[in-house]
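Residues per chain, in single letters:
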Amino acid sequence: MRYVVLLLLLFVLAGAGGVYGILYFDITMGQIRDGVIIVYGAVGVLFFLVGIVVLLAILFGLKAASDAGSDVFNDTVRPVAGNARAMTDDARGMVGDAREMVRTARTSVEFVSDNAVSPVIRAVAVARGFRRGFGSMLTASARRRPPPRGE
C-alpha cells in the first residue's frame, strides 16, 4: 500500500514539475513530448531489466527447488522403489511357486481319482446293480405266487 502511495506522489511531483517547467521556462509542447518519450523509454528499459532479474530469480529458485526435490527423491523414494521392485520380484516368484503347487496338486488329485476313486465308484455301482437286479427278481417271483389260503 505504501508503494502505491509513493508512486502516486511521484506522478504528482512529475506533473507539478512539468507545469513549473511550462510556466517559468520557455518550453514548447514538442520539447515536452520529447521529454515524455525519453522518460517513457527509460522507464520501459528499467521495467524490462527488472523483469529479467525477476525471471532469473524465479528460474534459479525453481532450479534449486528441483535439485532439492531430486535429492529428496534420491534419498527417500528411490530406495523404496528399489525395495518395491525386489518385493515385486519376490511376489512373482511366490506366485510362480503357488501355480506350480496347484498344478502338482491337480495332477495328484487326477491320479488318485483315476486310480483309486473311479474303480471304487465302479465297484459300488456294480454292487448296487446286482442288488437291484436280485431285488427285482425276488419281488417279481413274489408277485407271481398266489397268496396263501386263509389269509
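Numbering of residues begins from 1 in every chain and follows the order in which that chain's sequence is written. Where local features are concerned, this predicted model is filtered to residues with pLDDT of at least 70; where side-chain atom pairs are given and counted, the filter is 80 or more; whole-chain, interface and lining totals use all residues. For side-chain calculations, the full set of non-hydrogen atoms in the structure is used, while hydrogens and water are omitted.

Chemist: How would you summarise the overall build of the chain if you had to cite specific residues and measurements?
Modeler: Put simply, DSSP H or I for four residues or longer makes a helix, DSSP E for two residues or longer makes a strand, and each gets a number counted from the N terminus. Across its full length, the chain carries two helices and zero strands. Put simply, the chain has 151 residues, and 1% of those count as buried. Counting only carbon and sulfur atoms, one obtains 71% of the accessible surface of the chain, whose full area is about 13,800 Å². For every residue, the accessible area obtained with a 1.4 Å probe (protein chains only) is divided by the maximum for its type, and the residue is called buried under 20%, exposed over 50%, and partly exposed between those limits. Each accessible area value is a Shrake-Rupley result obtained with a 1.4 Å probe; residue values ignore everything except the protein chains displayed when judging cover.

Chemist: Requested: an account of the layout of surface pockets, with residues and values cited.
Modeler: Its boundaries defined by the atoms lining it, the largest pocket holds a volume of some 530 Å³. Every residue lining the largest pocket is counted, 18 residues in all, and those nearest its centre are F11, A14, V36, V39 and Y40. Of all the elements in the fold, those that place two or more residues in the lining of the largest pocket are α1 (2–24) and α2 (29–144). The dominant element in the lining of the largest pocket, judged by the number of residues it contributes, is α2, at nine residues. Of the residues belonging to the lining of the largest pocket, the class tally is 13 nonpolar, five polar and no charged. Within this scheme a cavity is a closed region of a 1 Å grid, computed over the protein atoms alone, that accommodates a 1.4 Å probe without allowing it to escape, whereas a pocket is open but has protein on both sides within 12 Å along at least five of seven lines; lining residues each have an atom within 4 Å of a point. Grid points are joined across faces, edges and corners, and a volume is the space filled by probe spheres set on the points. Classification used: nonpolar for Ala, Val, Leu, Ile, Met, Phe, Trp, Tyr, Cys and Pro, charged for Asp, Glu, Lys and Arg, polar for all others including Gly.

Chemist: Tell me about the pattern of salt bridges, and please be specific about residues and values.
Modeler: When charged atoms on two side chains of opposite charge get close, those side chains can pair. Throughout this description, the term salt bridge denotes a Lys or Arg side-chain nitrogen within 4 Å of a carboxyl oxygen of Asp or Glu. Going through the model one piece at a time under the given rule, you end up with three salt bridges. For R33, the salt bridge is made with D34, and the minimal N-O distance between the two is 3.3 Å. D34 gets classed as partly exposed once you look at its relative accessible area, which sits at 37%. Residue R103 is joined to E100 by a salt bridge in which the shortest nitrogen-to-oxygen separation is 3.0 Å. Linking R103 with E100, this pair stays in helix α2, spanning three residues, or about one helical turn. Under the relative-accessibility criterion, R103 is labelled partly exposed at 46%. The class for E100 is partly exposed, based on a relative accessible area of 41%.

Chemist: So what's going on with a nonpolar patch on the surface? Which residues, and what values?
Modeler: Side chains of V19, Y20, I22, L23, Y24, F25, I27 and M29 sit close together on the surface and give an oily, nonpolar patch of about 900 Å² of accessible area. Element by element, the count of residues in the nonpolar patch is highest for α1, at five residues. Looking at the element boundaries, I22 is found in helix α1. The exposure class of I22 is partly exposed, given its relative accessible area of 41%. Distance thresholds for patches are 9 Å for like charges and 5 Å for nonpolar side chains (Val, Leu, Ile, Met, Phe, Trp, Tyr), applied to residues having over 30% relative accessible area and no salt bridge.

Chemist: Could you give an account of the packing of aromatic side chains, with specific residues and numbers?
Modeler: Planes of paired rings set the category: under 30 degrees apart is stacked, over 60 is edge-to-face and the rest tilted, where pairs are Phe, Tyr or Trp rings (Trp by its six-membered ring) whose centres lie within 6.5 Å. Tallied over the entire structure, the rule returns one aromatic pair. Between Y20 and Y24, the aromatic rings sit 4.9 Å apart at their centres with planes inclined by 45°, giving tilted as the arrangement. Of this pair, Y20 and Y24 are both found in helix α1, four residues apart, which corresponds to roughly one turn of the helix.

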